[in-house]
Amino acid sequence: LILSTVESKSNLLDFLNISFISSGIVRLFIPDEEKETTFGFVFQNEFVSAFDSFVTRKESTYSVQALTDVEFWQISYSDLESIYNSMTMGDRIGR
């Protein structure tokens, strides 16, 4: 796990990880040149990820943006795979 911080208006998808928000607020939105569509908010003590992007390792169709300064714990795809491969219970619970 890595503890990270970003400033307001930063894009959390630059990290391509699963994150636990320890402080702050983020929004999930679909970017569009004419109009952005917000479809969710994530608050302190909640998880956030572009899970489709995390699993496929491809660019997401939506964005995750910090609405405030945000502190979050993140786990990378490779670290999560290591847990799955080394712990039977981790694999069973996580998948």
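Residues numbered from 1 in each chain as written. Predicted model: local features only at pLDDT ≥ 70, side-chain atom pairs only at ≥ 80, totals over all residues. Heavy atoms only, no water.

K.L.:
In this structure, what is going on with the overall build of the protein? I would like to understand it.
P.N.:
If you tally the helices and strands in the protein, you get 3 helices and 7 strands. Put simply, the protein runs from its N terminus to its C terminus through helices and strands in the order β-β-β-β-β-α-β-β-α-α. (Helix = DSSP H or I, 4+ residues; strand = E, 2+ residues; numbered from the N terminus.)

K.L.:
So what exactly am I meant to see when it comes to the pattern of salt bridges here?
P.N.:
Two side chains that carry opposite charge are able to pair once their charged atoms sit near each other. Evaluated as defined, the whole model comprises 1 salt bridge. The closest approach of N and O atoms between Arg27 and Glu36, which form a salt bridge, is 2.6 Å. (Salt bridge = Lys/Arg side-chain N within 4 Å of Asp/Glu carboxyl O.)

K.L.:
Explain the sheet that holds strand 7 (residues 70-75) to me, please; I cannot follow it from the model alone.
P.N.:
Adjacent strands of a sheet pair through backbone hydrogen bonds, lying either parallel or antiparallel. On the basis of which strands lie adjacent, the open sheet formed by 4 strands has the order 1-7-2-5 and antiparallel pairing. Each edge of the sheet is formed by a strand with only one pairing partner; in this case those strands are strand 1 (2-6) and strand 5 (46-48). Going from strand to strand, the sheet's axes swing by 35 degrees on average, the running direction of each strand aside. Relative to strand 7, strand 1 runs antiparallel, the two being bridged by 5 bridges. Bridge pairing in strand 7 places Val6 opposite Val70. (Pairing = 2+ DSSP bridges. Axes fitted to C-alpha atoms, helices over the stretch in contact; angles between N-to-C directions.)

K.L.:
How should the side chain of Ser63 be read in this particular structure?
P.N.:
Its location among the elements puts Ser63 in strand 6 (residues 63-66). We classify Ser63 as buried; its relative accessible area is 13%. Ignoring any residue separated from it by four or fewer positions in sequence, one finds Ser63 in contact with Asn11, Leu13, Arg27, Leu28, Phe29 and Pro31. (Buried < 20%, exposed > 50% of the residue type's maximum accessible area, 1.4 Å probe, protein only. Contact = heavy atoms within 4.5 Å.)

K.L.:
Is there a simple way to explain the pairing of strand 3 (residues 26-30) in this structure?
P.N.:
Where a strand is regular, its side chains alternate between the two sheet faces. The element strand 3 is extensively covered by neighbouring structure, given that 4 of its 5 residues are classed as buried. Summarising the sheet, strand 3 and strand 4 (residues 37-42) pair through 5 bridges and their orientation is antiparallel. If you follow Val26 over to strand 4, its bridge partner there is Val42. The turn linking strand 3 back onto strand 4 is made up of 6 residues. With 4 bridges connecting them, strand 3 and strand 6 associate as antiparallel partners. For Val26, the partnering residue across the bridge sits in strand 6 and is Ala66.

K.L.:
Help me out: how do you make sense of the nonpolar core in this one?
P.N.:
Soluble globular proteins tend to bury their nonpolar side chains together. Counting 14 residues, the largest nonpolar core has Leu12, Ile21, Val26, Val48, Val64 and Val70 as the members making the most contacts within it. For this core, the secondary-structure elements that each account for two or more residues are strand 3, strand 6 and strand 7. Beyond its immediate chain neighbours, meaning those up to four positions away, Leu12 contacts Val6, Ile21, Val26, Val48, Val64, Ala66 and Phe72. (Core = buried A, V, L, I, M, F, W, Y, C linked by side-chain atoms within 4.5 Å.)

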